[in-house]
Amino acid sequence: MQLEEKDQVITNLISVTTDGILQVPDTPVIPFIEGDGIGPDIWAAAKRVLDAAISFAYTDHRRIIWSEILAGEKAYQKTGEWLPEETLQAIRDHVVAVKGPLTTPVGGGIRSVNVALRQILDLYACVRPIRYITGVPSPMRHPERVKMVVFRENTEDVYSGIEWEAQSREAEAVIAFLKDAMGVDVPKDSAIGVKPMTRRASRRLVARAIQYALDHELHSVTLVHKGNIMKYTEGAFMKWGYELAREKFGDRIVVESNGGLQPDGNAPPGKVVINDRIADMMFQQVLLRPQAYHVIATPNLNGDYLSDALAAQVGGLGMAPGANLSDNCAVFEATHGTAPKYAGKDMANPVSLILSGVMMLEYLGWTEAASATEQAVQKSISDGLVTYDLARQMPGTREVKCSEFAETIIERL
Ligand code: NAP
């Protein structure tokens, strides 16, 4: 590489200072993983919209230089590996990346590439904002009351992937150990799974959720767990969460069970209420009283269920964005998977990935482009030009293809 070219690459790199502040050049290189299934369709649409929004907001002043990196089926076909080391290194080096969905076989085959990516890069906080866009069909009578951000622990609990098939040598060994060493009787034909949850991972996730609530002036952080049954894992998550909240945020929080709330149930100005709810009960709370919840911090499996259910309340998975964050890098991706039924059909709703891109623009501090994109999405929907998933629930609208939807959004910037 010529010296000038090398300098150019370095000046296009996003970096993080020792104080954790993101430094973003005007023309950053951002790697993307196209994804499997509907990934190529929604990524092509999202990229066009994001580029157009940046050009609309900053003319020639700012631009993203997209750089493809491989993972999933495309990586396997081209390199024989599902998640090449080069891809991981590119994300580390570039700090910010975007990713389409990747296939994971159920009940056997490769372990999840998504999980591996999150664990290897220590992307410990999966952040999924759930917000209603006016005009989107919803099973709720008041979907506009659903306004929450889910912080889901992203590296352990069921993501540890420690399990053994029923009647395997390993399962039988664990069952024998439980009987001999622990005095616990487990039926011999049981499949065995292990659910490790650490104090460290629980605390850092809760810290990130509380900091987010404070930064965005949101009223509450709810620790969602199943600690009534799983006392030393889910129950510990709650305990460690309260412990962290008191230690790190002391006078900036109010614990609900200690009282001191205002008559409307909120904390005094400048403070955040910390409360907890049992996971099953939380599913009815978010349906019946969504306005009472703002930020949710929860272990891995609860967060997975809850964020898909919340997405359904505001229009379905096609509308659900997300981000996976570590202390050093961020990977933005939709909440949903590869939707294989619609792969290659140019039908899927790209809004999930476009809104993940909006989260990325906000993360970069490019807020003008972020809000232009959001408004254009809103306008396309209120003009009744929508993909199949919304059209089938919105009489009188016109169904457009994924690529056409991108075009209608760009026209409305
Ligand atoms: P899914 O891919 O999320 O899709 C399930 C259904 O959700 C679709 O059939 C469709 O519903 C709706 N949907 C999802 N995305 C949509 C979009 N952009 N536009 C419109 N509708 C959308 O779930 P899955 O079928 O359980 O999983 C398929 C594969 O994806 C699996 O291999 C799974 O492991 C993987 N996965 C990957 C990720 C990831 O990469 N982060 C996340 C979850 C799952 P209708 O059929 O009702 O229209």
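Use the structure listed above.
Parameters and conventions
Residues numbered from 1 in each chain as written. Predicted model: local features only at pLDDT ≥ 70, side-chain atom pairs only at ≥ 80, totals over all residues. Heavy atoms only, no water. Helix = DSSP H or I, 4+ residues; strand = E, 2+ residues; numbered from the N terminus. Rg over C-alpha atoms; globule rule 2.2 N^0.38 Å. Buried < 20%, exposed > 50% of the residue type's maximum accessible area, 1.4 Å probe, protein only. Areas by Shrake-Rupley, 256 points an atom, 1.4 Å probe, with all protein chains shown as cover. Lys, Arg positive; Asp, Glu negative; His and termini not counted. Charge placed at Lys NZ, Arg CZ, Asp CG, Glu CD. Near = heavy atom within 4 Å. Polar contact = N/O pair within 3.5 Å; in protein donor to acceptor, adjacent residues only side chain to side chain. Axes fitted to C-alpha atoms, helices over the stretch in contact; angles between N-to-C directions. Parallel < 35°, antiparallel > 145°, perpendicular 65-115°, else oblique. Left-handed = near helix turned anticlockwise from the far one by under 90°. Contact = heavy atoms within 4.5 Å. Nonpolar A, V, L, I, M, F, W, Y, C, P; charged D, E, K, R; others polar. Salt bridge = Lys/Arg side-chain N within 4 Å of Asp/Glu carboxyl O. Pairing = 2+ DSSP bridges. Core = buried A, V, L, I, M, F, W, Y, C linked by side-chain atoms within 4.5 Å. Expected span 1.5 Å × (residues − 1). Phe/Tyr/Trp six-rings, centres within 6.5 Å; stacked < 30°, edge-to-face > 60°. Lys NZ or Arg CZ within 6 Å of the ring centre and 35° of its normal. Disulfide = S-S within 2.5 Å.

1. Some points on the overall build of the protein chain
- Helix and strand counts for the protein chain stand at 14 helices and 17 strands.
- Against the compact-globule benchmark of 22 Å for 413 residues, the protein chain has a radius of gyration of 22 Å, which places it among compact chains.
- Along the longest, intermediate and shortest principal axes, the C-alpha atoms of the protein chain span 70 × 60 × 50 Å.
- Taken across its 413 residues, the protein chain has 50% of its residues classed as buried.
- Total accessible area on the protein chain stands at roughly 19,400 Å², and carbon and sulfur atoms take up 52% of it.
- The averaged location of the 52 negative side-chain charges in the protein chain is 5 Å from the averaged location of its 42 positive side-chain charges.

2. Describing the site of the ligand
- In the vicinity of the ligand lie 24 residues, with Thr 104, Gly 337, Ala 339, Lys 341 and Tyr 388 positioned nearest.
- Ala 339 places a polar main-chain atom, nitrogen or oxygen, 2.7 Å from an oxygen atom of the ligand.
- Here the ligand loses 72% of its free accessible area of 880 Å² to cover by the protein chains.
- Of all elements in the fold, only helix H5 (113-120) and helix H13 (388-391) reach the threshold of two or more residues within the shell around the ligand.

3. Some details on the packing of helix H11 (residues 351-364) against helix H12 (residues 367-382)
- Running from N to C, H11 and H12 cross one another at 155°; their axes reach a closest spacing of 7 Å. In terms of orientation, H11 lies roughly antiparallel with respect to H12. For the crossing formed where H11 meets H12, the hand is left-handed. Here Val 351, Ile 354, Leu 355, Val 358, Leu 361 and Glu 362 of H11 lie close against H12, whose contacting residues are Thr 367, Ala 369, Ala 370, Thr 373, Glu 374 and Val 377.
- Residue classes in the contact of H11 with H12 are distributed as eight nonpolar, two polar and two charged.

4. What to know about the side chain of Thr 373
- Take Thr 373: it is sitting in helix H12.
- The contacts of Thr 373, once residues within four sequence positions are left out, are Val 49, Ala 53, Ile 354, Val 358, Leu 361 and Leu 413.

5. Topic: the pattern of salt bridges
- Summed over the entire model, instances satisfying the criterion amount to 25 salt bridges.
- A salt bridge links Arg 412 to Glu 411; the shortest N-O distance between them is 3.6 Å.
- Residues joined by salt bridges that share partners form a network here, namely Arg 199, Arg 203, Glu 243 and Glu 247.

6. What about the sheet that holds strand S12 (residues 272-278)?
- Read across the sheet, 11 strands follow the order S4-S3-S5-S15-S14-S6-S7-S13-S10-S12-S11 without closing on themselves; strand pairing throughout is mixed. Of all the strands in the sheet, just strand S4 (65-68) and strand S11 (253-255) have a single pairing partner and so form its edges. The average angle at which neighbouring strand axes cross in this sheet is 25°, direction not considered.
- The sheet contact formed by S11 and S12 spans three bridges and is parallel.

7. Notes on the nonpolar core
- Membership of the largest hydrophobic core comes to 78 residues, with the highest contact counts inside it found for Ile 30, Trp 66, Ile 210, Val 221, Ile 274, Met 360 and Ile 381.
- When residues in this core are grouped by element, the largest group, nine residues, is from H11.
- Beyond its immediate sequence surroundings of up to four residues, Ile 274 is in contact with Ile 210, Val 221, Leu 223, Tyr 242, Ala 245, Ile 253, Val 254, Val 255 and Glu 256.
- Ala 71, Ala 90, Ala 97 and Leu 117 belong to the second largest nonpolar core, which has 15 residues in total.

8. Some words on helix H8 (residues 234-249)
- Along its 16 residues, H8 runs 22 Å from first to last C-alpha, staying within 8% of the 22 Å computed at 1.5 Å per residue.
- The secondary structure elements touched by the buried residues of H8 are helix H7 (199-215), strand S10 (220-225), S11, S12, strand S13 (295-298) and helix H10 (300-313).

9. Describing the packing of aromatic side chains
- Considering all chains together, one arrives at seven aromatic pairs under this definition.
- Considering the side-chain rings of Phe 32 and Trp 43, the 4.7 Å spacing of their centres and the 20° angle between planes classify their relative orientation as stacked. A residue pair is termed long-range when its members are at least 10 positions apart, and Phe 32 in strand S3 (residues 29-33) and Trp 43 in helix H2 (residues 39-58) qualify at 11 residues.
- The interplanar angle of 80° and the centroid separation of 5.0 Å between the aromatic rings of Trp 43 and Trp 66 together place this pair among those described as edge-to-face. Here the residue Trp 43 occupies a position in helix H2, and Trp 66 occupies one in strand S4, the gap between them amounting to 23 residues. Both residues of the pair, Trp 43 and Trp 66, belong to the buried class.
- Through pairs of rings, three or more aromatic residues link up here, namely Phe 32, Trp 43 and Trp 66.
- It is Arg 62 that lies over the ring of Tyr 58; its NZ or CZ is 4.7 Å from the centre.

10. Details of the environment of Val 273
- Mapped onto the fold, Val 273 is located in strand S12.
- A C-alpha to C-alpha distance of 9.7 Å links Val 273 and Ser 257, two positions 16 residues apart in sequence.

11. Structural notes on the state of the cysteines
- Taken as a whole and assessed by the stated rule, the structure comprises zero disulfides.
- Free cysteine Cys 126: the closest other cysteine sulfur is in Cys 329, separated by 14 Å.
- Note on Cys 126: relative accessible area 2%, which makes it buried.
- Overall, Cys 329 belongs to the buried group, its relative accessible area being 4%.

Read these as spatial facts, not as claims about activity.
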